[in-house]
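These are the residues of each chain, in order.
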Amino acid sequence: MEVRRDPRSFLFFIILLLLINSPEPQQQSFNTRTRYDELIPREHAQLDILNRTRYGDFNPRHRKWLNVSGCRDEDGFAWDLLPGVIAKANTHGERALGTAWAGVLDGSILGQERDALPLYRNLSGYVQGEWVRDASSRLRHPGDMGNTTHPARDPFTNAAMGFDRNLTGPSGRFRVHITELEDKMRMDVNKTISEVSAKVVVGDDESFGGNWWEFYVHGVHFRDSGHAVLTTTSERFAGIFALPHFQLSRALHDTSQHFLNWTILETIERQIHRPFPVWNPWTSLPAGSNDDMMGVAHHCEFVLYLQQPPSAQTVDMDWLEHEMRFPTGAPLGHRSQLSMSMVGFSPDCGYVIESKGPPGYPPSEAMHLAGSKTEEYNDRARHSIVAFAIALAFQLSFLIKQMKETATPSMRSRVSFYTIAMMALGDGFTFLVLIFMYLFLGTAQLAMYSIAFVALFSVLAHLRFLMDIWTVQAAERARQERQQAPSAPTPPPAPTPAASEPSNDLPLAADAFGTPATISRPPPNAPPGLPLPAIAPAPRPPPRPQTPILIAPDQDDPLSDDDAPLLPTRNPATAPAPVPAPANPRAEFGALYSRFCLLLIITFFVSIQFATARTLYRRIYFSLLSFLYVSFWVPQIYRNVQRNCGRALRWDYTIGTSLTRLVPLLYFYLEADNVLFAATDWQVAAVLAGWVWVQMVALASQNILGPRFFVREGWAPPAYDYHPILREDEEGALLPLNVTTASDDAIDGAEAGSRSAAEARDKGRKVFDCSICANDIEVPVVPAGADESTVAGIAGTGMVLQRRMYMVTPCRHIFHANCLEGWMRYRLICPNCREALPPL
């Protein structure tokens, strides 16, 4: 009975997983609401301090402090490093702008339309590179950072817990994603300073497993000079309120102070009128959640200085940026990449880092931070999506051709179910990634959803192919299960009857040749009369009802002995136990479909977890996942060996599928500036490409040299060999029946056609007739009484290719290999005698 499974249960399971992994809504309790009411007055107080302070009021060397979080003496921050950091940032600015940097410091260059520097006024984009640790950095213990930062003060946290973002190594990777949208970010009236935020991704190569962190910083961007100052903000560090005191000069301090007065006030007003409380509008957590609800945040604060060098282009930068954002079709030519230099400083953890590049390092080794504008990145992302769509289209075309090729049950029985299942699983994983990729990239949403639909269509096509393969191979699985099942106990023999039934024949005298004659006695129910004469034929028994022979609907092959239904026997005691009816293949495939969906969902969520793991763990996981994904030809190779069959797949399908599935992986492993910012690894790329090449070579050798060419005898189950060594003696019993040269007399007396057969015989060969194409086959034959060297020569590797040219059936008929393989694509019976043939 077919068991139908309701797919709504799996949909409910997916929704349940999404609810479990979604963040919980922040419920307002009495304590949190009271604490939130205390937070707003404190922000107003810190804003008031920002309004009343002047340049130089915060000078830790002269014991001048600010009454805001993190800028007090009792907080224990390493503010004595700030003057050195400002001097280093000034050095980067002077090296980038030259003599114009003096005008930036005194404010004379700000707001001038004439003689404007060729800089990007909008920094929306990303830059990445390497950072190095400065010699002035310190290694500080959490106990040296003051009472407000020590984890032991919190009884609900682990005292041994380390600080996030604490860079202790000498170098690492650094990437900044800058957001400066004109319709969202605010700027002053003169458009000299604007609001900017950035996501920082920093890694420490020397940490255990290659740890990395991701956080947000907020600050200001001086549009005319191309430099920006950003900082983190938390409950124990009021970075945004003290940001003007981190500026490089008095003019920059005054400009940023006036700009932050009204922008911070508007942010606080929006914070008050929100329906749900926002604890920190300038939070540094990547998820944007409330990081200060527990009162203590165990992470290092960060102050970031960025400087953009002038562009080498002579084109108007304002026009260029406008054309990039709102394209009209004008030729842009070569566009300079977005590049910056960086100086970073952690006031509580005490480390100072800067971007790796000149003059400390040669240009051939590093060039500070380089990247591209958001518009260029969006174009590159769309081009990558289009290229992936083309790869999926080719992949689908190859699959459709293969499905047409394997339209018969004989061909479907050769294809490995797990090979197609691995491809379907990879396409399903791609579909889920493309659906959620918009949350990470933030661009090309329509294009990604369109290509996700193509990936889903590929999954459905593979599932349809899987259902056809599973249905055809159900009989083979049932036969294997019956062979592996324990045999039933043999019943005792039937008792011999005590007295036999008297014979109906009476003995008479012998005839002339000495043979005794008999006369048939009439049967008991015969009518009375004279007995039948001796020469009369014996009465025939009534005919038995013949059982009809069932032929499969596809006319592939008749039912084998294992698959045929049991016929009734005369003795029920000796009859075998009835075989239960086989399960419905579609019901079994429904169970496999459920497992497929569950495995796909588990793989997707595990991959999400490893995407945020340490660099070493993430690299190992995705490398293993990629290796398993490109191993889709291994099940097909194994099935060819087990069944001793080959040529299950088309060559264009094998080569095309390998390329279309391998090239996207190689793009992420070899392209340094890929759209997912994945780290390159040419060694893993070489392993993946080499592994796919090895599988294709194995498939080619199985098609040319035989499925078990590289398998030692005894490693695979016995199977019929269609390419045996033919022997002329009777012990081999393999000499085919359709031989053209039957005897030596026939050869000697034949005409021109027979002379060629005689020459072939002299060379140790025989000529046979292929009944499919009606042409002759010349094959090597071991002569009678041949020594071991002759047999070894024919069985050696030198004759393997010649033996692959012919095929001998179990009924001792020989054909060309191509002829019989083409015949067996449709019917598994001998073309001559109609005997059933074992599948290839």
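This is a predicted model, so every value here is computed, not measured.

(A) Spatial organisation of the overall build of the chain. Assigned secondary structure in the chain consists of 22 helices and 16 strands. For the chain, the proportion of its 840 residues judged to be buried stands at 44%. In the chain, once contacts between residues fewer than 6 apart in sequence are set aside, the share between residues at least 24 apart is 71%. Only carbon and sulfur atoms are counted for the fraction: they give 60% of the accessible area of the chain, which is about 46100 Å².

(B) Representation of the pairing of strand 6 (residues 303-307) in the model. Of all the five residues making up strand 6, five are buried; the element is thus mostly covered by neighbouring parts of the structure. Of the two faces of strand 6, the one holding Val303, Tyr305 and Gln307 and the one holding Leu304 and Leu306 are both buried throughout. One ladder, built from five bridges, connects strand 5 (residues 227-231) with strand 6; its direction is antiparallel. Each residue of the ladder has a partner; that of histidine 227, found in strand 6, is glutamine 307. Note: strand 6 against strand 7 (residues 338-345), five bridges, orientation antiparallel.

(C) Structural context of the confidence of the model for the chain. Overall, the predicted model of the chain reaches an average pLDDT of 78, with 71% of residues at or above 70. Looking across the chain, the model is least confident in helix 18 (residues 744-748), with a mean pLDDT of 44, and most confident in strand 6, with 96. The low-confidence segment residues 25-30, where pLDDT is below 50, has seven contacts with residues more than four positions distant or belonging to other chains. Within the model, pLDDT remains below 50 along residues 741-750, and this stretch shows eight contacts once partners closer than five positions in the same chain are excluded.

(D) Inspection of helix 22 (residues 817-824) at higher detail. For helix 22, every residue scored as buried is listed here: Ala817, Leu820, Glu821 and Met824. Considered in projection along helix 22, the buried side chains sweep an arc of 100° and stay on one side of the axis. At its buried positions, helix 22 is contacted by helix 8 (409-412), strand 15 (806-808) and strand 16 (814-816).

(E) Fine view of the sheet that holds strand 13 (residues 765-770). Read from one edge of the open sheet, three strands run 12-14-13, paired in mixed fashion. Only two strands of the sheet have a single neighbouring strand rather than two, namely strand 12 (726-727) and strand 13. Judged from the six bridges that link them, strand 13 and strand 14 (residues 775-782) form a sheet pairing that is antiparallel. Its bridge partner lying in strand 14, valine 767 is registered against glutamate 778.

(F) Just a nonpolar patch on the surface, in detail. Judged by side-chain polarity, Phe208, Leu616, Tyr617, Ile620 and Leu624 come together as a nonpolar surface patch covering roughly 510 Å² of accessible area. You can see isoleucine 620 is positioned in helix 14 (residues 615-629).

(G) Fine view of the environment of asparagine 190. Within the secondary structure layout, asparagine 190 lies in the loop between strand 2 (171-179) and strand 3 (193-203). In this structure the C-alpha to C-alpha distance between asparagine 190 and leucine 110, which are 80 residues apart in sequence, comes to 9.3 Å.

(H) Geometry of the packing of aromatic side chains. Counted under the stated rule, the structure contains 29 aromatic pairs. For the ring pair tyrosine 629 and phenylalanine 632, a centre distance of 6.1 Å and an interplane angle of 75° mean the geometry is edge-to-face. On the basis of relative accessible area, phenylalanine 632 is assigned to the buried category, the value being 1%. Grouped by ring-pair contacts, the aromatic residues Phe58, Trp65, Phe77, Trp79, Phe237, Phe246 and Phe345 constitute a single cluster. We note lysine 356 situated over the ring of tyrosine 361; from NZ or CZ to the ring centre the distance is 5.1 Å.

(I) Region of interest: the environment of lysine 766. Turning to its location among the elements, lysine 766 is positioned in strand 13. You can call lysine 766 buried: its relative accessible area is 9%. Residues lysine 766 and valine 779 lie 13 residues apart in sequence; the distance between their C-alpha atoms is 5.7 Å.

(J) Local environment of the state of the cysteines. All told, the structure shown has one disulfide when counted by the stated rule. The side chain of cysteine 300 participates in a disulfide bridge whose partner is cysteine 349; the two sulfur atoms lie 1.7 Å from each other. Measuring handedness by torsion sign, the sulfur bridge of cysteine 300 and cysteine 349 sits at about -80° and is left-handed. Taken together, the positions of cysteine 300 in the loop between helix 5 (250-272) and strand 6 and cysteine 349 in the loop between strand 7 and strand 8 (352-355) put the pair 49 residues apart, joining distant regions of the chain. Of the two residues, cysteine 300 and cysteine 349, neither departs from the other in class, the shared state being buried. Just so you know, cysteine 819 is unpaired, no disulfide at all, and the nearest cysteine sulfur is the one on cysteine 773, 3.7 Å from it.

(K) A look at the packing of helix 16 (residues 651-670) against helix 17 (residues 682-705). Taken N-terminus to C-terminus, the directions of helix 16 and helix 17 make an angle of 175°; their axes are 9 Å apart at the nearest point. For the element pair helix 16 / helix 17, the angle class is roughly antiparallel. Contact residues: helix 16 offers Trp651, Thr654, Ile655, Ser658, Leu662, Leu666, Tyr669 and Leu670, while helix 17 offers Trp682, Val684, Ala685, Leu688, Ala689, Val692, Met696, Leu699, Ala700 and Asn703. Here the residues of the contact of helix 16 with helix 17 are counted per class, giving 15 nonpolar, three polar and no charged.

(L) Seen up close, the pattern of salt bridges. Scanning the model with the defined rule gives 25 salt bridges in all. Linking aspartate 73 and arginine 63 is a salt bridge whose minimum nitrogen-to-oxygen distance equals 2.6 Å. Linking aspartate 73 in the loop between helix 2 (30-52) and helix 3 (82-97) with arginine 63 in the loop between helix 2 and helix 3, this pair joins segments that are ten residues apart in sequence. Here aspartate 73 falls in the partly exposed class, since its relative accessible area comes to 38%. Across the pair lysine 356 and glutamate 130 runs a salt bridge whose closest N-O atoms are separated by 3.5 Å. Highlighted residues: lysine 356 in the loop between strand 8 and strand 9 (369-373) and glutamate 130 in strand 1 (residues 125-133), separated in sequence by 226 residues. When salt bridges that share partners are traced, they join Glu130, Arg173, Lys356 and Glu365 into one network.

(M) View of the nonpolar core. Counting residues in each nonpolar core, the largest one holds 47 residues, and the members touching the most others are Trp79, Leu82, Phe246, Leu260, Ile264 and Tyr305. Contributing elements (two or more residues each) for this core: helix 2, helix 3, helix 4 (100-106), strand 4 (212-222), helix 5, strand 6 and strand 7. Once you skip the residues sitting within four places of it in the chain, tryptophan 79 turns out to touch Phe58, Pro60, Trp65, Gly70, Cys71, Phe237, Phe246, Phe345 and Pro347. Listed in part, the 32 residues of the second largest apolar core include Ile178, Leu230, Cys349 and Ile353.

(N) Expanded view of the side chain of glutamate 43. One can find glutamate 43 in helix 2. No salt bridge is formed by the buried glutamate 43. Its closest oppositely charged neighbour is arginine 42, at 6.8 Å. Among residues more than four places away in sequence, those in contact with glutamate 43 are Phe241, Ile268, Gln271, Trp279, Pro281 and Trp282.

(O) Seen up close, the packing of helix 9 (residues 417-436) against helix 11 (residues 445-472). Running from amino to carboxyl end, helix 9 crosses helix 11 at an angle of 160°, the nearest separation of the two axes being 8 Å. Classified by the angle between their axes, helix 9 and helix 11 sit roughly antiparallel to one another. As for the relative orientation of helix 9 and helix 11, their crossing is left-handed in sense. Its residues placed into classes, the contact of helix 9 with helix 11 shows 19 nonpolar, three polar and one charged.

(P) Spotlight on the pairing of strand 4. A large share of strand 4 lies buried, amounting to nine of its eleven residues. Looking at chain direction, strand 3 and strand 4 are connected through eleven bridges and run antiparallel. Considered in strand 4, the bridge of glycine 203 is made with tryptophan 212. As paired elements, strand 4 and strand 5 share five bridges and run antiparallel to each other. Residue glycine 219 lies in a different strand from strand 5, and its bridge partner there is leucine 230. Between the end of strand 4 and the start of strand 5, which pair antiparallel, lie four residues, with glycine 226 showing a positive phi angle near 75°.

Criteria and thresholds
- Residues numbered from 1 in each chain as written.
- Predicted model: local features only at pLDDT ≥ 70, side-chain atom pairs only at ≥ 80, totals over all residues.
- Heavy atoms only, no water.
- Helix = DSSP H or I, 4+ residues; strand = E, 2+ residues; numbered from the N terminus.
- Buried < 20%, exposed > 50% of the residue type's maximum accessible area, 1.4 Å probe, protein only.
- Contact = heavy atoms within 4.5 Å.
- Areas by Shrake-Rupley, 256 points an atom, 1.4 Å probe, with all protein chains shown as cover.
- Pairing = 2+ DSSP bridges.
- pLDDT = per-residue confidence, 0-100.
- Arc of directions from axis to C-beta.
- Patch = residues over 30% accessible without salt bridge, like charges linked within 9 Å, V, L, I, M, F, W, Y side chains within 5 Å.
- Salt bridge = Lys/Arg side-chain N within 4 Å of Asp/Glu carboxyl O.
- Phe/Tyr/Trp six-rings, centres within 6.5 Å; stacked < 30°, edge-to-face > 60°.
- Lys NZ or Arg CZ within 6 Å of the ring centre and 35° of its normal.
- Disulfide = S-S within 2.5 Å.
- Axes fitted to C-alpha atoms, helices over the stretch in contact; angles between N-to-C directions.
- Parallel < 35°, antiparallel > 145°, perpendicular 65-115°, else oblique.
- Nonpolar A, V, L, I, M, F, W, Y, C, P; charged D, E, K, R; others polar.
- Core = buried A, V, L, I, M, F, W, Y, C linked by side-chain atoms within 4.5 Å.
- Lys, Arg positive; Asp, Glu negative; His and termini not counted.
- Left-handed = near helix turned anticlockwise from the far one by under 90°.

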